[in-house]
Amino acid sequence: MIKVKSFILAIALICSAFSASAQSVEQKLDSLQLLIGEQTTLHLIVTANRGQKIVMPSFKPSQQLIPGVEVVGQSEENTSEIDGNRIQVSRNYTLTSFDENVYAIPALNVKVNGKDFHGNPLALKVLTVPVDTVHPNQFYPPKDVQDNPFLWSEWSGIFWLSVLMLLLCGAMCYLLQRLKQNKPILKSFRIVKRVPAHEKALNEINAIKHQRSENQENLKEYYTRLTNTLREYINGRFGFNAMEMTSSEIIECLQSAGDQKMIDELRQLFRTADLVKFAKYETLINENDSNLVNAINFIDQTKTDEKPVEEKIVPTLSENDKKSQSQRKVIKLLLWAGSLAIVAILVYIVYTVVSLV
């Protein structure tokens, strides 16, 4: 019976020793002494088996760990693996003190699966700043903020850049004034509708016919307009200056332009027109209408297939206009370059001043 009790006691002692080795708590300080108001870190490290529930102590900011020692803050729990079956959990506590003394940092309590485990106690020595009380006259109040000395070498670059920027601004104003004085050249163009010579002549003859039906008295004006219309048509159609030629010269140039009957009719028209304009000839009945029909027939038989077209007429610039246009381009380019230079200098000056101040 005694042997059985001894065996059970030995088994209990072995399990207790194994359980104690399975959970360990360690705590240590970064610095064992510090001046008043300084801070140090308390490291709490727990080693346990995987799967065990570990609860570490928690403190609020400015809560006293012991009288005279405050907890400024604490970190989150950090877990790491040691081997396949064991883990290590750590937490850091920032401590400070404002009273000179030697403090005994107690062993912090850690619960592992509901059981209490403690670390090792530590000592923290808090020192005060040494003060020479023998020579109180050597204590001085806090000094005011001192102004930095003015150094020309630091500000000379900013000064000359500012002068350059002002000169550029003056030059920009001058260029703007020049640009306003140098008025832009407007290269306006116009659309001209090119009407064929035969269509223009027929339109004019219709207008003459309409006006003739309203006024039967002025024969000279009638034949003048009719022959001028034919001369302009001949000039545009055949390419010779019929406006400066006599009637006989025109007929001679047109000998190869159509049949003889058409030429004879046109000759008779010009002859009648000359008699009316220079000899005050009185035409016979229906002779005026016959001459008008002959003029229309001549145009119809000699016209081409040309269609009305629209042309864009661009005016040509003089040498002065071209020179002025070139000057405006140069002035605009200088204005753009000057604007960019002024902006760059201004940004650099502001940046440098802020850095120095």
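Because the structure is predicted, anything quoted here is derived from the model rather than measured.

**Re the sheet that holds strand β10 (residues 109-112)**
Hydrogen bonds along the backbone pair up the strands of a sheet, which may run parallel or antiparallel.
Part 1: Taken together, the three strands give an open sheet; going across it, the order is β4-β10-β11, and neighbouring strands pair in antiparallel fashion. The strands lining the two open edges of the sheet, one partner per strand, are β4 (54-55) and β11 (115-118).
Part 2: In the sheet, β4 pairs with β10 via two bridges, with the strands oriented antiparallel. Bridge pairing in β10 links V55 to K111.

**Description of the packing of helix α4 (residues 219-238) against helix α6 (residues 260-279)**
Part 1: For the pair α4 and α6, interaxial distance at closest approach is 9 Å and the crossing angle is 140 degrees. On the basis of the axis angle, α4 is oblique to α6. When the axes of α4 and α6 are compared, the crossing they make is left-handed. When α4 is examined against α6, the residues L219, K220, Y223, T224, L226, T227, L230 and R231 are found in contact with a partner set consisting of L266, L269, F270, T272, A273, V276 and K277.
Part 2: Residues of the contact of α4 with α6, tallied by class, amount to nine nonpolar, three polar and three charged.

**A closer look at the environment of G68**
Part 1: In this structure, G68 sits in the loop between β5 (63-66) and β6 (69-74).
Part 2: Owing to a relative accessible area of 17%, G68 belongs among the buried residues under this scheme.
Part 3: A sequence separation of 29 residues divides G68 from S97, and the C-alpha atoms of the two residues are 6.0 Å apart.
Part 4: Apart from residues no more than four positions distant in its own chain, G68 is found in contact with T96, S97, F98 and Y103.

**Examining the pattern of salt bridges**
Part 1: For the structure on display, the rule yields four salt bridges.
Part 2: Among the salt bridges present, the one from E81 reaches R50, with a minimum N-O distance of 2.9 Å. Taken as a pair, E81 in strand β7 (residues 78-81) and R50 in the loop between β3 (39-49) and β4 lie far apart in primary sequence, 31 residues in all.
Part 3: Assessed through its relative accessible area of 43%, R50 is described here as partly exposed.
Part 4: Its salt-bridge partner being E204, residue R225 comes within 2.9 Å of it at the nearest N-O pair. Taken together, the residues R225 in helix α4 and E204 in helix α3 (residues 197-214) connect sequence positions 21 residues apart.
Part 5: With a relative accessible area of 30%, E204 lands in the partly exposed category.

**Points about the pairing of strand β12 (residues 122-127)**
Part 1: A one-sided burial pattern is seen for β12, the buried positions being L122, L124 and V126 and the unburied ones A123, K125 and L127.
Part 2: Relative to β12, strand β2 (residues 33-35) runs parallel, the two sharing three bridges. For L34, the partnering residue across the bridge sits in β12 and is V126.
Part 3: The sheet contact formed by strand β9 (residues 101-105) and β12 spans five bridges and is antiparallel. Following the sheet pairing, V102 is matched in β12 by K125.

**Focus: the packing of aromatic side chains**
Part 1: If you walk through the whole model with that rule in mind, you get five aromatic pairs.
Part 2: Between Y222 and Y223, the aromatic rings sit 5.1 Å apart at their centres with planes inclined by 85 degrees, giving edge-to-face as the arrangement. With respect to burial, Y222 and Y223 carry one shared label: buried.
Part 3: Taken together, the ring pairs in this structure connect W152, F159 and W160 into an aromatic cluster.

**With respect to the UniProt feature "transmembrane region" (unreviewed entry) in the chain**
Part 1: Within this numbering scheme, the UniProt entry marks residues 157-176 and 333-354 as carrying the feature "transmembrane region" (unreviewed entry).
Part 2: The annotated region residues 333-354 carries 100% helix and 0% strand content, and the separation between its end C-alpha atoms amounts to 32 Å.

**A look at the layout of surface pockets**
It is the rolling of a water-molecule-sized probe over the atoms that shows where space remains empty.
Part 1: When its volume is computed, the largest pocket comes out at roughly 230 Å³.
Part 2: Surrounding the largest pocket, eleven residues form its lining, V195, P196, A197, K200 and E232 being those nearest its centre.
Part 3: Looking at the lining of the largest pocket, the elements with two or more residues in it are α3 and α4.

**Some remarks on α4**
Part 1: With 20 residues, α4 ought to run about 28 Å at 1.5 Å a step, and its terminal C-alpha atoms sit 28 Å apart, in line with that.
Part 2: Within the sequence span of α4, burial applies to L219, Y222, Y223, L226, T227, T229, L230, R231, Y233 and I234.
Part 3: The first or second residue beyond α4 is G239, which carries a positive phi of 85 degrees.

**Re the sheet that holds β12**
Part 1: Across the sheet, three strands lie side by side as β2-β12-β9; this open sheet has mixed pairing. Strand pairing shows two members of the sheet lacking a second neighbour, β2 and β9, which therefore form its edges. Each strand of the sheet is rotated relative to its neighbour by a mean of 25 degrees, with strand direction disregarded.

**Examining the state of the cysteines**
Part 1: Enumeration according to the criterion identifies zero disulfides in this entry.
Part 2: Free cysteine: C169, not disulfide-bonded; nearest cysteine sulfur from C173 at 6.9 Å.

**What to know about the confidence of the model for the chain**
Part 1: For the chain, per-residue confidence averages 80 on the pLDDT scale, and residues scoring 70 or more make up 84% of the total.
Part 2: In this model residues 1-22 is a low-confidence stretch, pLDDT under 50, and it forms five contacts with partners more than four residues away in sequence or in other chains.

**Details of the packing of α6 against helix α7 (residues 287-302)**
Part 1: Axis separation between α6 and α7 bottoms out at 10 Å; the angle between their running directions is 135 degrees. If you check the angle between α6 and α7, you find them oblique. Here α6 and α7 pass one another in a crossing that is left-handed. Of the residues in α7, those in contact with M262, E265, L266, L269 and T272 of α6 are E287, N291, N294, A295, F298, Q301 and T302.

Cut-offs used in this document
- Each residue is numbered by its place in its chain's sequence as written, counting from 1.
- For a predicted model such as this one, the threshold for reporting local features is a pLDDT of at least 70, and the threshold for listing and counting side-chain atom pairs is 80 or more; totals across whole chains, interfaces and linings nevertheless cover every residue.
- Remark: hydrogens and water are excluded; side-chain values derive from all non-hydrogen atoms of the structure.
- DSSP calls a pair of strands paired once it identifies at least 2 bridges connecting them.
- A helix here means a DSSP run of H or I that spans at least four residues, while a strand means a run of E at least two residues long, and both kinds are numbered starting from the N terminus.
- Only the stretch in contact is used when fitting a helix axis, every axis being a line fitted to C-alpha atoms; angles between N-to-C directions are given from 0 to 180 degrees.
- Any angle between 65 and 115 degrees counts as roughly perpendicular, while under 35 counts as roughly parallel, over 145 as roughly antiparallel, and the rest as oblique.
- Handedness of each helix crossing follows the sense of rotation of the near helix against the far helix: counterclockwise by less than a right angle gives left-handed, clockwise gives right-handed.
- Throughout, a contact is declared for two residues whenever any of their heavy atoms are within 4.5 Å.
- Ten residue types, Ala, Val, Leu, Ile, Met, Phe, Trp, Tyr, Cys and Pro, are classed as nonpolar, four, Asp, Glu, Lys and Arg, as charged, and the remainder, Gly among them, as polar.
- Each residue is placed in one exposure class: buried if its accessible area under a 1.4 Å probe, protein chains only, is under 20% of its type's maximum, exposed if it is over 50%, and partly exposed if it falls in between.
- When a carboxyl oxygen of Asp or Glu lies within 4 Å of a side-chain nitrogen of Lys or Arg, that pair is called a salt bridge.
- Put simply, two rings from Phe, Tyr or Trp (the six-membered ring, in Trp's case) pair if the centres are within 6.5 Å, and we call them stacked under 30 degrees between planes, edge-to-face over 60, tilted for the rest.
- UniProt positions are given in the numbering used here, feature names are shortened, and annotations may be inferred rather than shown by experiment.
- Detection works on a 1 Å grid of protein atoms alone, calling trapped sets that fit a 1.4 Å probe cavities and calling open sets with protein on both sides within 12 Å along at least five of seven lines pockets, with lining residues defined by an atom within 4 Å of a point.
- Grid points are joined across faces, edges and corners, and a volume is the space filled by probe spheres set on the points.
- Helices are assigned an expected span. That span is 1.5 Å times one less than the residue count.
- Only a pair of cysteine sulfur atoms within 2.5 Å qualifies as a disulfide here.
- A residue's pLDDT is the predictor's confidence in that residue, given on a scale from 0 to 100.

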